[in-house]
Amino acid sequence: MDRLKLKAVLGSHPHVQAMKRGELRSELFDLDFIEYTPTNAAFRPMVREQAFDVCEMAIVTYLMAKAHGKPLVLLPATMMGRFQHSYALYNPARGMLGPSDLEGKRVGIRSFTTTTGAWIRGILANDYGVNLDRIRWVTFEDPHVAEYVDTTERAPKDKKALEMLLDGEVDAVLGETPNDPKLKPLFPDPAAEAARWYARRGVVPVNHLVVVTESLAKSRPDVVAGVYDLLKRNKAQVGSPATPDFVPFGIEANRKPLQLIVDYAFQQGLITRRYAVEELFDATTRGLN
């Protein structure tokens, strides 16, 4: 068979650098890496046009793409996982605010469909009893999946989330890190909150995994398995995973976070039914460990 050249987008993670430098290669294909900064700028063309053969993708974007029949296939290869509690901010100069105080407030977020937003909203709703429908959501970008009907309030085009927070135009912001010492985390001690959450749930929230086009998965399942093998080998090169592992590989290692984000996405109306974890993969990727 001819050697394939695959267009690929992966973030600048330590566990993909050997692949990007060409130190790890396959006998079946070459990877032509295309750089996007930030990486999430590649999600829209991948969802809407299948612009690449291999692409890092936020898990909620993938779930929504699947719900709308987009021809993408998930690999159980996490590129980025993190605890989410530090990505919620408020401005104490305008009054104290905690996670239980958001009902009736205006909350800014890049897009309602971001994965970090879905994780934090899931925490607010399921751990703090917040009624998400009583929050006034202010967004700055369209969803990556065009078919999703966004009913949020759109911020003026010249506005940025943290500026609006400092100016008192929103009460809190999700999905951002502070660039001003005047802003404080909504969760009073994010690290302690995350530790308690992990002790209770046993889950590291996964943000980004990897997808391939359905056409590649159907025509060359051997190549798809080869992509996963390269990713796995590169991860192994950077050393033993931390405990917990923030970039788990394989379906079993990803099962709990995937099932939880499916639950959260369903609760929030981002997808119309709860998928079983096995449904997120195809015949080839379901067998990858």
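Refer to the preceding data block for the structure.
None of the values given here were measured: they were computed from a predicted structure. (Residues numbered from 1 in each chain as written. Predicted model: local features only at pLDDT ≥ 70, side-chain atom pairs only at ≥ 80, totals over all residues. Heavy atoms only, no water.)

Quick look at unusual backbone geometry
Following Thr37, the chain continues into Pro38 via a peptide bond in cis, with omega recorded as -5°. Here Pro38 is to be found in the loop between β2 (29–33) and α2 (43–49). Of note in the backbone geometry, Gln50 takes a positive phi value of approximately 50° without being a glycine. Positionally, Gln50 belongs in the loop between α2 and β3 (54–58). (Helix = DSSP H or I, 4+ residues; strand = E, 2+ residues; numbered from the N terminus.)

Quick look at helix α6 (residues 190–201)
Because an α-helix completes one turn every 3.6 residues, residues spaced three or four positions apart along the sequence face the same direction. Between its first and last C-alpha, α6 extends 16 Å over twelve residues, near the 16 Å set by a 1.5 Å rise per residue. Within the span of α6, buried status applies to Pro190, Glu193, Ala194 and Trp197. Axial view of α6: buried residues confined to an arc of 95°, hence all on one face. Every exposed residue of α6 that faces more than 90 degrees away from the buried side is listed here: Ala191 and Ala199. Where α6 is buried, its residues meet α4 (115–128), β10 (184–185) and α9 (251–267). The positive-phi residue at the C-terminal boundary of α6 is Gly202, with phi of around 65°. (Expected span 1.5 Å × (residues − 1). Buried < 20%, exposed > 50% of the residue type's maximum accessible area, 1.4 Å probe, protein only. Arc of directions from axis to C-beta. Contact = heavy atoms within 4.5 Å.)

Side note on the sheet that holds β2
Ordered in space as β2-β1-β3-β11-β4, the five strands form an open sheet in which the pairing is mixed. Here the strands that pair on one side only, and so sit at the sheet edges, are β2 and β4 (72–81). Looking at each pair of strands side by side, their axes are set apart by 30° on average, direction ignored. Pairing of strand β1 (residues 4–9) with β2 involves five bridges; the strand directions are parallel. Directly across from Leu6, in β2, lies its bridge partner Leu31. Across the sheet, α4 lies against β3 and β11 (206–213), angled at about 135° from β11, the strand it touches most. Along the sheet, α9 makes contact with β4 and β11, crossing β11 at roughly 120°. (Pairing = 2+ DSSP bridges. Axes fitted to C-alpha atoms, helices over the stretch in contact; angles between N-to-C directions.)

A look at the pairing of strand β7 (residues 136–139)
In the case of a regular strand, side chains alternate between the two sheet surfaces. As defined by bridge partners, strand β6 (residues 106–109) adjoins β7 across four bridges and the pair is classed as parallel. If you follow Val107 over to β7, its bridge partner there is Trp137. Of the crossover connections in this fold, the one passing from β6 over α4 to the parallel β7 is right-handed. Strand direction decides the pairing type here: β7 and strand β8 (residues 153–154), joined by two bridges, are parallel. (Right-handed = clockwise from strand over helix to strand, strands pointing away.)

Structural notes on the sheet that holds β8
Here six strands make up an open sheet; going across it, the order is β8-β7-β6-β9-β5-β10 and the pairing mixed. What marks the edges here is a single partner per strand, and that holds for β8 and β10. Direction of pairing for strand β5 (residues 88–90) relative to strand β9 (residues 172–174): antiparallel, over a ladder of three bridges. Across the sheet, residue Ala88 finds its bridge partner in β9, namely Leu174.

Some remarks on the pattern of salt bridges
The final tally for this structure, using the stated rule, is 23 salt bridges. The salt bridge involving Lys235 is made with Asp245; its shortest N-O contact spans 2.6 Å. In this pair, Lys235 sits in helix α8 (residues 221–237) while Asp245 sits in the loop between α8 and α9, placing the two residues ten residues apart along the sequence. A relative accessible area of 12% places Lys235 in the buried class. By relative accessible area, Asp245 is classed as partly exposed at 23%. Among the charged side chains, a network of salt bridges with common partners joins Arg3, Arg25 and Asp30. (Salt bridge = Lys/Arg side-chain N within 4 Å of Asp/Glu carboxyl O.)

A look at empty space enclosed by the protein
Leftover empty space is mapped by rolling, across the atoms, a probe with the size of a water molecule. Counted by the stated rule, this structure contains one cavity of 30 Å³ or more. The calculated volume of the largest cavity comes to roughly 40 Å³. Together, Thr61, Arg110, Ser111, Thr113, Thr114, Glu141, Asp142, Pro143 and His144 line the largest cavity. A class-by-class count of the residues in the lining of the largest cavity yields one nonpolar, five polar and three charged. (1 Å grid on protein atoms, 1.4 Å probe; cavity = no way out; pocket = protein on both sides within 12 Å on 5 of 7 lines; lining within 4 Å. Points joined across faces, edges and corners; volume = space filled by probe spheres on them. Nonpolar A, V, L, I, M, F, W, Y, C, P; charged D, E, K, R; others polar.)

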